[in-house]
Amino acid sequence: MKQLPFLVEKEETDKHICVYIHGDLDLASAPQLRETLLPLAEKDKRILRINLKNLHYMDSTGLGVFVAALKLRKAIAGEMYLEEVSEKIQRIFQISGVDQYITIA
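All values reported here derive from a predicted model rather than from experimental measurement. (Residues numbered from 1 in each chain as written. Predicted model: local features only at pLDDT ≥ 70, side-chain atom pairs only at ≥ 80, totals over all residues. Heavy atoms only, no water.)

1. Details of the overall build of the protein chain
Then step 1. Scanning the protein chain from terminus to terminus reveals three helices and five strands.
Then step 2. For the protein chain, the α and β elements follow one another from N to C terminus as β-β-α-β-α-β-α-β.
Then step 3. Over its C-alpha atoms the protein chain spans a radius of gyration of 13 Å, differing by no more than 12% from the 13 Å that the globule rule assigns to 105 residues.
Then step 4. Structurally, the protein chain occupies a C-alpha span of about 40 × 25 × 20 Å along its principal axes.
Then step 5. For the protein chain, the residues scored as buried account for 41% of the 105 residues in total.
Then step 6. Nonlocal contacts in the protein chain, meaning residues at least 24 apart in sequence, comprise 67% of its contacts between residues at least 6 apart. (Helix = DSSP H or I, 4+ residues; strand = E, 2+ residues; numbered from the N terminus. Rg over C-alpha atoms; globule rule 2.2 N^0.38 Å. Buried < 20%, exposed > 50% of the residue type's maximum accessible area, 1.4 Å probe, protein only. Contact = heavy atoms within 4.5 Å.)

Here's what the structure looks like:
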């Protein structure tokens, strides 16, 4: 099976930052997400919304990026939500226990 190209897009408003993730999130693509997501999670107080509608696969490396972002958000008391999460991806959050700490809308 051919791996889908990985893409991270960002859309900003006065109240929100929306990050859209496309493709497969794994060891090869996690650094690209980390570069985009962690600076936003650490410094920006606007609500951080991460849309996973077009995320087709995620391994533990990708999960680690979300955990790192969540820790940064908590440190600045910032809100972070995952949106449009497929059942397959949601199951990864559940198995790891991360779903207890992150809001999946």
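Resuming the write-up.
2. Looking at the sheet that holds strand 4 (residues 80-83)
Then step 1. Taking strand neighbours across the sheet as the criterion, the five strands line up as 1-2-3-4-5 in an open arrangement whose pairing is mixed. Edge positions in the open sheet fall to strand 1 (7-12) and strand 5 (103-104), since each of these has one partner strand only.
Then step 2. The pairing of strand 4 with strand 5 spans two bridges and is classified as parallel. When the sheet's bridge partners are listed, Tyr-81 is paired in strand 5 with Thr-103.
Then step 3. Lying over the sheet, helix 2 (residues 60-75) contacts strand 2 (16-25), strand 3 (47-58) and strand 4, oriented at roughly 175° with respect to strand 3.
Then step 4. The strands that helix 3 (residues 87-96) touches are strand 3, strand 4 and strand 5; relative to strand 3, the one it contacts most, it runs at about 110°. (Pairing = 2+ DSSP bridges. Axes fitted to C-alpha atoms, helices over the stretch in contact; angles between N-to-C directions.)

3. Some words on the UniProt feature "domain: STAS" (unreviewed entry) in the protein chain
Then step 1. The residues that UniProt annotates with the feature "domain: STAS" (unreviewed entry) are residues 19-105.
Then step 2. As annotated, residues 19-105 has a helix share of 46% and a strand share of 29%, and its two end C-alpha atoms lie 14 Å apart. (UniProt positions renumbered as here; feature names shortened; annotations may be inferred.)

4. Some remarks on the side chain of Glu-83
Then step 1. Inspection of the secondary structure puts Glu-83 in strand 4.
Then step 2. In terms of polar contacts, Glu-83 uses its side chain to reach the side chain of Arg-49, at 2.8 Å.
Then step 3. Setting aside its immediate chain neighbours within four residues, Glu-83 contacts Arg-49, Ile-50, Asn-51, Leu-52, Lys-53 and Ala-105. (Polar contact = N/O pair within 3.5 Å; in protein donor to acceptor, adjacent residues only side chain to side chain.)

5. Observations concerning the nonpolar core
Then step 1. Among the nonpolar cores identified, the biggest contains 29 residues, and Ile-50, Leu-52 and Phe-66 are the most heavily contacted of them.
Then step 2. Broken down by secondary-structure element, the contributors of at least two residues to this core are strand 2, helix 1 (30-43), strand 3, helix 2, strand 4 and helix 3.
Then step 3. Here the element with the most residues in this core is helix 1; it accounts for six residues.
Then step 4. When neighbours within four sequence positions are excluded, Leu-52 is seen to be in contact with Ile-21, Phe-66, Leu-82, Glu-83, Glu-84, Val-85, Ile-89 and Phe-93. (Core = buried A, V, L, I, M, F, W, Y, C linked by side-chain atoms within 4.5 Å.)

6. Examining the packing of aromatic side chains
Then step 1. Scanning the model with the defined rule gives one aromatic pair in all.
Then step 2. Relative to Phe-93, the ring of Phe-66 has its centre 5.7 Å away and its plane inclined at 65°; by these criteria the two rings are edge-to-face. On the criterion of sequence distance, the pair formed by Phe-66 in helix 2 and Phe-93 in helix 3 is long-range, its members being 27 residues apart. Take Phe-66 and Phe-93: they sit in the same class, and that class is buried. (Phe/Tyr/Trp six-rings, centres within 6.5 Å; stacked < 30°, edge-to-face > 60°.)

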